[in-house]
Amino acid sequence: MSAPEHLNALRAFEASARHESFSAAAAELHVTPAAVGQLVRSLEEGLGTPLFHRGSSGRKRLVLTEAAQRALPDIRAGFERLSAGVARLKESSSAGVLTATVSPAFAAKWLLPRLERFQAAWPELDVRLDASTELLDFAARGVDIGVRYGAGSWPGLVAEKLLDEVVYPVCSPALLRQNRRLRRPSDLSGLRLIHDRSVDARLGFATWDAWLEKAGAKDVETKRGLRINNSATVLQAAIDGQGVALARSIMAHDDLAAGRLVRLFPEVEFPSVLAYYVVYRPECATLPKLVAFRDWLVREASGRQALTNRT
């Protein structure tokens, strides 16, 4: 017998084996229990061997035969490969669309101000940007590529370092003019500190406590201050003169270059242990649209990395 001729029967068998019930399998497949039973029987007849021991009572009405137990992993693997193949076909059909995922803050502060250069170089590609802090399932959500911030390891994804960064305090030029004594880290005492609640110190994110310890400023109060759960909004609050923010250099680069923010205490070096990474599924590594966007990201990053860390 040829397997493709029995795909529906194989689907009915796999679902019935997983649920141990024709009724539950029927609900999943949107058919009647009788139709599932008939499909399974047709498969058994075609194979010349039973697939289930059928009981008339008890919790388990369907019990796999020994032969079915041995075959089931290969059948499931086959359906997974079929799903992957269909996904590839969908990717080919949407060759003119690139779906990228980045955090909202990275989108606002780094990617969007530069994206027009990519669109100018690749006008035939439409970019769909999923700005989310969630770790999306790339295959399930149809994501081609992403930029993530972390230690560089995400299961099932290739991760290539894009941008290192350093961490430092920033404030508005107006606030600095109002506080001309702000010359040493210890001078932060009495000023409102702006805290980024979107980061988790347990994962390696820099905090005010860690920076102040490195700077040797032990008497600065960190328990109080303005707390915001979005990195871009943290910087906006600093631009508006709400206080002094602890900035990540990639996020703050354009605001510093435009004079909206001023870096404080450049003599204190505090490199982040985390970095930005380009991430994508290994099976998609050679897709032309992915390669184009990845290479553009790398060019943008390499042209500005040194300046970013000095700013």
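Peer 1: Hey, could you run me through the overall build of the protein in this one?
Peer 2: Secondary structure summary: the protein contains 11 helices and 12 strands in total. Across the 311 residues in the protein, those meeting the buried criterion constitute 43%. Sequence-distant contacts in the protein: of pairs separated by 6 or more residues, those separated by 24 or more amount to 76%. Summed over all atoms, the accessible surface of the protein reaches about 16700 Å², with 51% contributed by carbon and sulfur.

Peer 1: Looking at this structure, I do not really get the packing of helix α1 (residues 7-19) against helix α2 (residues 22-29). What am I missing?
Peer 2: A packed helix pair is summarised by two numbers, namely the angle formed by the two axes and the spacing between the axes. Running from N to C, α1 and α2 cross one another at 125°; their axes reach a closest spacing of 8 Å. Between α1 and α2, the crossing angle belongs to the class labelled oblique. Read as a crossing pair, α1 and α2 show a hand that is right-handed. Touching Arg 11, Ala 12, Ala 15, Ser 16, Arg 18 and His 19 of α1 are Phe 22, Ala 24, Ala 25, Glu 28 and Leu 29, all from α2. When the residues that make up the contact of α1 with α2 are grouped by side-chain class, the tally is six nonpolar, two polar and three charged.

Peer 1: How do you make sense of the pattern of salt bridges when you look at a structure like this?
Peer 2: Summed over all chains, the structure comprises 15 salt bridges. Across the salt bridge formed by Arg 18 and Glu 14, the nearest N and O atoms sit 2.7 Å from each other. Linking Arg 18 with Glu 14, this pair stays in helix α1, spanning four residues, or about one helical turn. Exposure remark for Arg 18: the relative accessible area of 39% places this residue in the partly exposed category. Since its relative accessible area comes to 11%, Glu 14 is described here as buried. Residue Glu 66 pairs with Arg 70 through a salt bridge whose shortest N-O separation is 3.3 Å. Taken together, the positions of Glu 66 and Arg 70, both in helix α4 (residues 66-93) and four residues apart, correspond to about one turn of that helix. Of the residues examined, Glu 66 reaches a relative accessible area of 58% and is grouped as exposed. Each of Glu 14, Arg 18, Glu 28 and Arg 76 takes part in salt bridges that share partners, so that together they form one network.

Peer 1: Can you help me understand the sheet that holds strand β11 (residues 262-263) in this one?
Peer 2: Neighbouring strands of a sheet are bound in pairs by backbone hydrogen bonds; such pairs are parallel or else antiparallel. Spatially, β9-β8-β10-β7-β11 is the arrangement adopted by the five strands of the open sheet, whose pairing is mixed. The sheet is open, and its two borders are formed by β9 (226-228) and β11, each paired with just one other strand. Along the sheet, helix α9 (residues 231-239) makes contact with β7 (167-171), β8 (193-196), β9 and β10 (244-248), crossing β8 at roughly 170°. Against the sheet, helix α10 (residues 249-257) touches β7, β10 and β11, its axis set at about 115° to β10.

Peer 1: What am I meant to see in the packing of α2 against helix α3 (residues 33-47) here?
Peer 2: The interhelical angle for the contact between α2 and α3, taken along N-to-C directions, is 105°, at an axis separation of 8 Å. With respect to α3, the axis of α2 lies roughly perpendicular. Counting all contacts with α2, which are made through Phe 22, Ser 23, Ala 25 and Ala 26, the residues of α3 involved are Pro 33, Val 36, Gly 37 and Val 40. Grouping the constituent residues of the contact of α2 with α3 by class yields six nonpolar, two polar and no charged.

Calculation notes
- Residues numbered from 1 in each chain as written.
- Predicted model: local features only at pLDDT ≥ 70, side-chain atom pairs only at ≥ 80, totals over all residues.
- Heavy atoms only, no water.
- Helix = DSSP H or I, 4+ residues; strand = E, 2+ residues; numbered from the N terminus.
- Buried < 20%, exposed > 50% of the residue type's maximum accessible area, 1.4 Å probe, protein only.
- Contact = heavy atoms within 4.5 Å.
- Areas by Shrake-Rupley, 256 points an atom, 1.4 Å probe, with all protein chains shown as cover.
- Axes fitted to C-alpha atoms, helices over the stretch in contact; angles between N-to-C directions.
- Parallel < 35°, antiparallel > 145°, perpendicular 65-115°, else oblique.
- Left-handed = near helix turned anticlockwise from the far one by under 90°.
- Nonpolar A, V, L, I, M, F, W, Y, C, P; charged D, E, K, R; others polar.
- Salt bridge = Lys/Arg side-chain N within 4 Å of Asp/Glu carboxyl O.
- Pairing = 2+ DSSP bridges.

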